[in-house]
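These are the residues of each chain, in order.
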Protein chains: 2
Amino acid sequence: MYTIGQVSEMFNIPISTLRYYDKEGLFPDMERQSGIRKFSEQEIEALRVIDCLKVSGLEIKEIKQFMEWTKEGSRTFAQRKQLFETRKAAVEEEISQLQKTLDMLKYKCWYYDTAIADGSEENIIAMLPDKLPPEIQKLYNSAHEIEKEAA
Amino acid sequence: MYTIGQVSEMFNIPISTLRYYDKEGLFPDMERQSGIRKFSEQEIEALRVIDCLKVSGLEIKEIKQFMEWTKEGSRTFAQRKQLFETRKAAVEEEISQLQKTLDMLKYKCWYYDTAIADGSEENIIAMLPDKLPPEIQKLYNSAHEIEKEAA
DNA sequence: TTAATACCTAAACCTGACTTTAGGTCAAGG
DNA sequence: CCTTGACCTAAAGTCAGGTTTAGGTATTAA
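Rules used in this analysis
Residues numbered from 1 in each chain as written. Chains lettered and ligands numbered in written order. Predicted model: local features only at pLDDT ≥ 70, side-chain atom pairs only at ≥ 80, totals over all residues. Heavy atoms only, no water. Least-squares fit on C-alpha atoms with pLDDT ≥ 70 in both. Salt bridge = Lys/Arg side-chain N within 4 Å of Asp/Glu carboxyl O. Helix = DSSP H or I, 4+ residues; strand = E, 2+ residues; numbered from the N terminus. Buried < 20%, exposed > 50% of the residue type's maximum accessible area, 1.4 Å probe, protein only. Contact = heavy atoms within 4.5 Å.

A.B. asks: How should the relation of the copies chain A and chain B be read in this particular structure?
C.D. replies: Least-squares fitting of chain A to chain B yields an RMSD of 0.1 Å, with the superposition described by an axial translation of 0.0 Å and a rotation of 180°. These values place the two chain copies in the arrangement generated by a two-fold rotation axis. The position closest to the rotation axis in chain A is occupied by the C-alpha of A:Ile95, lying 3.1 Å away.

Structure below.
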């Protein structure tokens, strides 16, 4: 059993945030001893799930909904599973968005590397939009949503 | 040259957002014809960069800063390159966070699959924290930040 | 005994990124 | 001529997710 201060230290989350989460109903079963919150393993695991769902794009209200399902026992297994499946798909989608962002960033890094070496952007601009070095052209196309044309 | 309405359609961005970006200084060179905004290729490319930097975690103010650098010409190549390098590192970091989130989500999917099949969580709980099936154990460890212990 | 800590609440406040509102200009079509 | 549609501005409003403030309790340490 941990106090709010200990949990705050362990997870590097402000105390005010933990209280806010509690107020929002994210720890529905948390016990208290003369008014003082006692975080058990259950709440610790809840914190990991909260972080996971938050990162996956869920709002606090929706996370609360999930926490309520867990209180309803085996009746809600299917709903909970569905939620995680949906979140998984969302995160996979987000990763692939970030990969595209990364392609743009890599392209821009190359762009400025080259501009610095050349002292100007002129040479690069002359290569646009399809005479870039092959590796760079791939990044450029990905970042500009240019699909390979039919043969 | 495009009107704000055309750009809004092309990129699926609300007109109000485009005006907001303009007001925040994200299109410092945009021309107008009798008060009406004219989006050129320059602003179109700016929009792609805005999206990229936004996704990478930059705030609007910081993106404005970048747009101002581009106006200063070759003098700011190095700063701009540095910015993209930093953003690249940030996005790589975020992707790896999402990978860990994905491990948690996969673990939870397995968890509820199994719980549904068993009709209860008991069997699973009995396997915690280190008697899970090997593949699942990996996900669990990753999601719970458990490093492999020294041999 | 008093002063520092660690905890508590309710309610106000903050921030970023938009969105909405209210009121106005201007060109084309019926 | 007058209405419709696409544009414009300034300013107020919204929303999520916290954070801060103000005031209070309980335990411990000098």
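Continuing now.
A.B. asks: What am I meant to see in the pattern of salt bridges here?
C.D. replies: Charged atoms that come close allow side chains of opposite charge to pair. Applying the stated criterion across every chain yields a total of 24 salt bridges over all chains. Where B:Asp113 meets A:Lys81, a salt bridge forms, and the shortest distance between an N and an O atom there is 2.9 Å. One end of the pair, B:Asp113, is in helix 5 (residues 77–118); the other, A:Lys81, is in helix 5 (residues 77–118), on a second chain. A salt bridge links A:Glu92 to A:Lys88, with the nearest nitrogen and oxygen atoms 3.7 Å apart. In this pair, A:Glu92 and A:Lys88 are both assigned in helix 5, 4 residues apart and thus about one turn of the helix distant. One salt-bridge network, held together by shared partners, links A:Asp22, A:Arg32 and A:Arg37.

A.B. asks: Which parts of the structure should I look at to understand the environment of A:Tyr140?
C.D. replies: Residues and elements named next belong to chain A. Along the polypeptide, Tyr140 turns up in helix 7 (residues 134–143). A relative accessible area of 9% means that Tyr140 is categorised as buried. Apart from residues no more than four positions distant in its own chain, Tyr140 is found in contact with Tyr107, Leu128, Pro129, Leu132 and Ile146.

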